[in-house]
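# Examining the three-dimensional arrangement
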Amino acid sequence: MTGIRLSVPETATRGEVVEIKALIRHPMESGFRRGSRGEVIERDIITRFECDLNGALVFASDFHPAIAANPLITFHMRATESGELTFRWTDQNAEVWSDTASITVA
Amino acid sequence: MMRILWSSALLVAAACTPEANRPEHLEIAPDQIQSGYAFLTSETQQLQEDSFENPGYLWVDRGAQIFTAETDGSPACASCHSNGLEGAATNYPKVDPGTGALLNLEGRINQCRVEHQNAEPWPYESDELLSITAYVAEQSKGMAMNIAVDDTNRPYVNQGRDYFLTRRGQFNLSCQQCHTENWGKQLRGDTISQGHGNGFPAYRLEWQSIGSLHRRLRDCDTGVRAEPLPYGDPTYIAVELYLATRARGLEIETPAVRR
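The periodicity of an α-helix, 3.6 residues per turn, causes residues three or four positions apart to be oriented the same way. Its 13 residues give helix H4 (residues 56–68) of chain B an end-to-end C-alpha distance of 19 Å, which sits within 8% of 18 Å, the value for a rise of 1.5 Å per residue. Buried residues of H4(B): B:Gly56, B:Tyr57, B:Leu58, B:Trp59, B:Val60, B:Arg62 and B:Gly63, and no others. Lining the buried residues of H4(B) we find strand E1 (4–7) and strand E3 (17–24) of chain A together with helix H7 (127–138), strand E5 (202–204), strand E6 (209–211) and strand E7 (257–258) of chain B.

Take a look at the structure:
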């Protein structure tokens, strides 16, 4: 059910700084809200986002309850080599969602 | 003395009948009609404009998967609608020629499921129905809403307009009082919009999710402390039709981002 959208340029020149965007569908329920009957809505959040290029970490982020639902991450990376970018989101129960995109550096 | 009392009692009774209470039907001048987009902050407008960052596309993507997927041996939507459904959303809600009932896009999709795909209709506001509706409506993005009032749909338009004009709830407000008479003014932190449905299903920041026009109508009814109607209620579909005639000419923005 989880949807992931990635924006990675297909090609880049060596040394160029490229913009990477990653969007995932997730409720990011903070745990501080209450339902219409006063019951606590359980916390359900992603706690970690990581992006690898050919296995080497390029970007990582810890998520906390104040991050909105369907979090969008935008970051910049200096294009050094061609390869596959792996995007990985891990939630508080260690469930993992991931997707990949390739980039060609000339 | 008695006669004066009697006549004033009659006057009070006359003022309380629904006919006397019905406000005048007002319309926004055609050159003044503005999408809800015009009342957003520039940041929210940018979020809607960016076809990657707009979170509504998460549902559109899922709708595209549903559209092409064959389930349980029944044909996929795409096997009939191989050229897509561009422009379809501009004509809904529409009177079904077979049953005479008014169908919105959600209702039409569910009718297709039952009649051609041998499947159960999706519940209103389910993830599947929202996704496929957003996907179908998105194909008409940028096209003008185009419903003409004719003899077949006129009774439904009038029914929807009646709902729009009727004061309701503990606040005793009609839709018209905010969205026709006072749009552009501030209501606490918000600017009141004209109440058009051209972006629905829309991603609302308040919901942190996509939702149907009926969910929005329920929020409005709750906002004036009135009892909201159930999802998919025929009266809400008639309101949806009236709103579409009222918004004629506005471009469809699905999936729009709203506050």
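Residues and elements named next belong to chain A. Spatial strand order, E2-E8-E7-E4-E5: five strands in an open sheet with mixed pairing. In this open sheet, the two strands that pair with only one neighbour each are strand E2 (11–12) and strand E5 (56–62). In the sheet, strand E7 (residues 83–91) pairs with strand E8 (residues 96–105) via eight bridges, with the strands oriented antiparallel. Within E8, the position partnered with Glu-84 by the bridge is Ser-102.

With that out of the way, let us pick up the domain arrangement of chain B. Residue and element names in this part refer to chain B. Partitioning chain B into structural domains gives domain 1 (30–51 + 144–258) and domain 2 (56–138). Using only C-alpha atoms to locate each centre, domain 1 and domain 2 end up separated by 22 Å. Counting residues at the interface gives 27 residues for domain 1 and 20 residues for domain 2. Those elements that place two or more of their residues in the side of domain 1 that touches domain 2 are E5, helix H10 (213–223) and helix H11 (234–246). Among the elements that take part in the side of domain 1 that touches domain 2, H11 stands out by supplying six residues, more than any other. Partitioned by chemical class, the residues of the side of domain 1 that touches domain 2 number 17 nonpolar, eight polar and two charged.

Turning our attention to the pairing of E7(A). Residues and elements named next belong to chain A. Summarising the sheet, strand E4 (residues 46–53) and E7 pair through seven bridges and their orientation is antiparallel. Pairing of Arg-48 across the sheet is with Thr-90, part of E7. Hairpin connection between E7 and E8: a loop of four residues separates the two successive antiparallel strands, and Ala-94 in this loop has a positive phi of roughly 65 degrees.

Cis geometry is adopted by the peptide bond preceding B:Pro93, which originates at B:Tyr92 and carries an omega value of 0 degrees. Here B:Pro93 is to be found in the loop between helix H5 (77–80) and strand E1 (94–95). Phi at A:Asn54 is positive, roughly 50 degrees, even though this residue is not glycine. In this fold, A:Asn54 is placed in the loop between E4 and E5. Despite not being glycine, A:Asn70 has its phi angle at roughly 55 degrees, a positive value. One can find A:Asn70 in the loop between E5 and strand E6 (72–78). On the basis of neighbour count, A:Asn70 is assigned to the buried category, with 20 C-beta atoms found within 10 Å.

Counting from both sides, the interface comprises 10 residues of chain A and, opposite them, nine residues of chain B. Those elements giving two or more residues to the side of chain A that touches chain B turn out to be E1 and E3 of chain A. Across the side of chain A that touches chain B, the residue classes break down as four nonpolar, three polar and three charged.

So, about helix H6 (residues 105–116) of chain B. Across its 12 residues, H6(B) extends 16 Å between first and last C-alpha, which sits within 8% of the 16 Å expected from 1.5 Å per residue. All of the buried residues along H6(B) are B:Leu105, B:Glu106, B:Gly107, B:Ile109, B:Asn110 and B:Arg113.

The rules we used
Residues numbered from 1 in each chain as written. Chains lettered and ligands numbered in written order. Predicted model: local features only at pLDDT ≥ 70, side-chain atom pairs only at ≥ 80, totals over all residues. Helix = DSSP H or I, 4+ residues; strand = E, 2+ residues; numbered from the N terminus. Expected span 1.5 Å × (residues − 1). Buried ≥ 20, exposed ≤ 12 C-beta atoms within 10 Å, placed from the backbone. Contact = placed C-beta atoms within 7 Å. Pairing = 2+ DSSP bridges. Domains from an automatic or database assignment. Nonpolar A, V, L, I, M, F, W, Y, C, P; charged D, E, K, R; others polar.

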